[in-house]
Amino acid sequence: MEQLRKKIKTDGSVLSSSILKVDAFLNHQIDPQLMNNIGLEFAKKFSESGVTKIVTIESSGIAPAVMAGLHLHVPVVFARKQKSLTLVNDLITASVYSFTKKESNEISVSRKFLNDNDTVLIIDDFLANGQAALGLEEIVSKTKASIAGFGIVIEKGFQDGGRLLREKGYRVESLAVIHSLENGSVEFENAAERKAERIR
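A quick note: this is a predicted structure, and the numbers were derived from the prediction, not measured.

## A closer look at the UniProt feature "binding site: xanthine" (unreviewed entry) in the protein chain
According to UniProt, the feature "binding site: xanthine" (unreviewed entry) maps to Leu20, Asn27 and Lys156 in the numbering used here. Looking at the secondary structure, you find Leu20 in strand S2 (residues 20-21). Ignoring anything within four residues of it in the chain, the contact list for Leu20 reads Ile8, Gly12, Ser13, Val14, Phe126, Lys156, Ile178, Leu181 and Val186. Given the relative accessible area of 9%, Lys156 is considered buried. If sequence neighbours within four positions are ignored, Lys156 has contacts with Ser18, Ile19, Leu20, Phe126, Leu127, Ala128 and Ile178. In this structure the side chain of Lys156 is engaged in a polar contact, spanning 2.5 Å, whose partner is the backbone oxygen of Ser18.

Have a look at this one:
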């Protein structure tokens with residue numbers, strides 16, 4: 001997605017060889033027009049997949065997920081990281097380790113919002129080591145719903161998350177795939193490289 005790549009280049013900040021800061025448009029301040037176009041792109045990619053629900057994780061996955069839900073005309077459910085006084089009964093939970101924060105969080109979704117008749121699209125802002133995505137997969141699988149695939153805004157192609165999901169047989173659609181963050185510069189993978197990887 002060329003608009004997203006340009007935004008990463010102009011407004012993103014490389015903090016290290018593994019960390020990209022995108023708080024100017026995605027996970028602190030949000031660019032609504034960009035989010036709308038991201039949602040539209042996910043909707044186009046999964047329009048024939050029979051999606052009935054979108055599942056994401058708070059908080060940075062919510063904006064792209066809501067826009068995708070708007071264009072696919074389906075509800076969005078987000079897994080909570082924090083305990084809630086109103087969300088206590090019949091919860092589906094999974095443990096997710098954050099390599100950035102060096103801590104584990106228990107995420108949860110109310111069972112009443114997902115069931116075995118659902119076809120779920122899982123959306124998140126980043127795919128790096130894959131822990132959040134695998135946590136969401138675990139939650140959805142516990143409901144016996146089917147998974148249409150994963151929609152990722154930014155994938156760090158040099159980390160293992162994408163490979164782990166694809167090796168499990170899941171469809172992963174990433175709108176921008178980063179090849180490297182070395183030397184303070186963002187280098188993207190091109191579509192041909194990604195296609196070749198899938199074929200191998």
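So much for the structure itself; the text now carries on.
## Digging into the packing of aromatic side chains
A full pass over the atoms with the stated rule returns 1 aromatic pair. Ring centres of Phe150 and Tyr170 lie 5.3 Å apart, and the angle between their planes is 75°; on these two criteria the pair is classed as edge-to-face. With a gap of 20 residues between them, Phe150 in strand S8 (residues 146-156) and Tyr170 in the loop between helix H5 (161-167) and strand S9 (172-180) connect regions that are remote in the sequence. When sorted by exposure, Phe150 lands in the same class as Tyr170, which is buried. It is Lys156 that lies over the ring of Phe126; its NZ or CZ is 5.5 Å from the centre. It is Arg171 that lies over the ring of Phe46; its NZ or CZ is 4.2 Å from the centre.

Calculation criteria
- Note on numbering: residues in each chain are counted from 1, in written sequence order.
- Two thresholds apply to this predicted model, a pLDDT of at least 70 for residue-level local features and 80 or more for giving and counting side-chain atom pairs, whereas whole-chain, interface and lining totals are computed over all residues.
- The side-chain quantities take in all heavy atoms of the structure and omit both hydrogens and water.
- UniProt positions are given in the numbering used here, feature names are shortened, and annotations may be inferred rather than shown by experiment.
- Working definition: helices are DSSP H or I runs of at least four residues, strands are E runs of at least two. Numbering for both runs from the N terminus.
- When checking whether two residues touch, look at their non-hydrogen atoms; a contact exists if any pair is within 4.5 Å.
- Each residue is placed in one exposure class: buried if its accessible area under a 1.4 Å probe, protein chains only, is under 20% of its type's maximum, exposed if it is over 50%, and partly exposed if it falls in between.
- In protein, a polar contact requires one atom able to donate a hydrogen and another able to accept it; more generally it is a pair of N or O atoms within 3.5 Å, and residues adjacent in sequence count only if both atoms are side-chain atoms.
- A pair of aromatic rings is counted whenever rings of Phe, Tyr or Trp (Trp by its six-membered ring) have centres within 6.5 Å, and the orientation is called stacked for planes under 30 degrees apart, edge-to-face for over 60 and tilted otherwise.
- Placement of a charge over a ring requires the Lys NZ or Arg CZ to be within 6 Å of the ring centre, with the centre-to-atom vector within 35 degrees of the ring normal.

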